[in-house]
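# Architecture and fold: a report
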Amino acid sequence: MKISMSRFLLAALMFVLVILGEGMTLRSYGLYFICGVMIIYILATMHKNEEKFFVNTELVLLLVFLIYSGVSYLWSLDTALTLYRTKVLFFLTALTFLLTNLFARDGEYDRFIVLYWAMALLLSILAIMRYGVSGIKNFIVSGIRLGKGDALLLGHNPNTIGMDCAFAGVITFYYFFFKRKKAALWALLPIAIIVVASGSRKGLFVLLFGMMLIVFFLQMQKEKAALSTLFKMLLIAAGLIAIVNLILQFPGMEKAREQYMGLVNSLLGNEEEADVSTQIRGNMVHVGWEQFLRTPVLGIGLDNAKIINLQYNNFYGYLHNNYIEVLVNGGIVGFVIYYSFFIVVLKKHINRLNEKNPLVYISFTMLILRLITDWGRISYFDYMNIPLFAFWVAVANKFDLHKENSIGSEIGSKYLRLRS
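Residues numbered from 1 in each chain as written. Predicted model: local features only at pLDDT ≥ 70, side-chain atom pairs only at ≥ 80, totals over all residues. Heavy atoms only, no water.

## Digging into the packing of aromatic side chains
- Enumeration over the complete set of coordinates arrives at 36 aromatic pairs.
- When the centroid spacing of 5.6 Å and the interplanar angle of 35 degrees are considered together, the rings of phenylalanine 112 and tyrosine 116 count as tilted. Of the two residues, phenylalanine 112 and tyrosine 116 are both situated in helix H5 (residues 111-142); the distance of four residues between them amounts to about one turn of the helix. The burial state of phenylalanine 112 is the same as that of tyrosine 116; both residues are buried.
- Arranged with centres 6.4 Å apart and planes meeting at 50 degrees, the rings of tyrosine 323 and phenylalanine 335 form a pair that is tilted. The residues tyrosine 323 and phenylalanine 335 share a single accessibility class, namely buried.
- Grouping aromatic residues by their ring pairs yields a cluster made of Phe65, Tyr323, Phe335, Tyr338, Tyr339, Phe341, Phe342, Trp375, Tyr380, Phe381, Phe389 and Trp392.
- Across from the ring centre of phenylalanine 381, 3.7 Å away, lies the NZ or CZ of arginine 85, which sits over that ring. (Phe/Tyr/Trp six-rings, centres within 6.5 Å; stacked < 30°, edge-to-face > 60°. Helix = DSSP H or I, 4+ residues; strand = E, 2+ residues; numbered from the N terminus. Buried < 20%, exposed > 50% of the residue type's maximum accessible area, 1.4 Å probe, protein only. Lys NZ or Arg CZ within 6 Å of the ring centre and 35° of its normal.)

## Section: the side chain of arginine 370
- Among the structural elements, arginine 370 can be located in helix H14 (residues 358-373).
- Polar contacts involving the side chain of arginine 370 include one to the side chain of asparagine 385, which spans 2.9 Å.
- If near-sequence neighbours (up to four positions away) are discounted, arginine 370 is found in contact with Tyr338, Phe342, Arg377, Ser379, Asn385, Leu388, Phe389 and Trp392. (Polar contact = N/O pair within 3.5 Å; in protein donor to acceptor, adjacent residues only side chain to side chain. Contact = heavy atoms within 4.5 Å.)

## Remarks on the side chain of histidine 349
- Among the structural elements, histidine 349 can be located in helix H13 (residues 322-352).
- Classification of histidine 349 by relative accessible area gives buried; the value is 0%.
- Within polar-contact distance, the side chain of histidine 349 engages the side chain of serine 363 at 2.7 Å.
- Residues in contact with histidine 349, not counting those within four places in the same chain, are Val360, Ser363, Phe364, Leu367, Trp392, Val395 and Ala396.

## So, H13
- Taking 1.5 Å of rise per residue, the 31 residues of H13 would be expected to cover 45 Å, yet its terminal C-alpha atoms sit only 27 Å apart, more than 12% below that figure.
- Where H13 bends most, at glycine 330, the angle is about 125 degrees.
- Its side-chain oxygen at 3.0 Å from the backbone nitrogen of tyrosine 323, asparagine 321 defines the N-terminal cap of H13. (Expected span 1.5 Å × (residues − 1). Bend = angle between axes of the 7 residues up to and from the residue.)

## Notes on a nonpolar patch on the surface
- Judged by side-chain polarity, Leu63, Ile67, Val71, Tyr73, Leu74 and Leu83 come together as a nonpolar surface patch covering roughly 560 Å² of accessible area.
- With three residues, the single largest contributor to the nonpolar patch is helix H3 (residues 57-71).
- By the secondary structure assignment, isoleucine 67 is in helix H3. (Patch = residues over 30% accessible without salt bridge, like charges linked within 9 Å, V, L, I, M, F, W, Y side chains within 5 Å. Areas by Shrake-Rupley, 256 points an atom, 1.4 Å probe, with all protein chains shown as cover. Salt bridge = Lys/Arg side-chain N within 4 Å of Asp/Glu carboxyl O.)

Here's what the structure looks like:
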């Protein structure tokens, strides 16, 4: 079977992003290589088909955020931090532009879902092979997070492993419910094990809430009554909570139960009963909000929230909340620019829901999960944004419909020229 260049590049990108962690130098070289090949391929395709470079509102917003972040160098507390993070954002934005154009010309961006699922499944299997069944069991029983203190699996940190595997779990539900691929459910076994072993509460939340969203959209596709759908969702939620609580009562699950209750208490706002980690993150949010109120318009410069965190929390690191982080670094101006991207793609996704297209459902689900989990992590410079942003733009702008409605490559090319 002939493998197209776009398919090869997407597969290579997903392998580098999911399998090779941020702690590996090989990852950076891999991304540079993919970026270079993309530039050559897209320029050659543009010249051959006489096409223009695809740019739309969402991509312009990402570019404006990049420019604004760079300009914040002028008023940043630490210019070195701003300069370094701007370089990272430049690379992320460039690759997002390139991948979006790759999707616009060659389609096949639905393979992102397949590749994300396959690579994360492979990651979970590699983790089990690396530590063994007894090692994974020890992680869960002791409460020590998978990979911690062991140079980390393939350069990953526990949160990254947990989140990637959790999203793979959501995609598994998508395949099972919408694509009727029952065999895909077997993938949940290694995926769920690694999510629990990683100790990632966000991963656990993504896995459970993602399943509920998939079932909700399945009911929507079947045109079920809203009240009936809501009732089923509540039953599913109650069932999942009951199952999780039952599993956590087993011997050896004390640490996992402690982490789970920390998540529950943080969601309910029971600060007195929340664990130390949750309380520390709460302090970071409080300190960040106070700093935002002092510099509400322009912020203190890209990536400079670390300085405030060190000053008030004695911790040199980000604030563990993307909304607060962007507000502190870029002020309300940077915040509006950055999250306008999500507002635009969210609105376009909502407009497509009446098509009852499963691709729209899974894309919308991942978008919702991203916006929710941004409350507990920093994501604006996450390298996984490259395929995610490009995928959301492709779905939001109906690239799949363009491909289906075009007759031959010539008509598709003309359409892209008009769109650009």
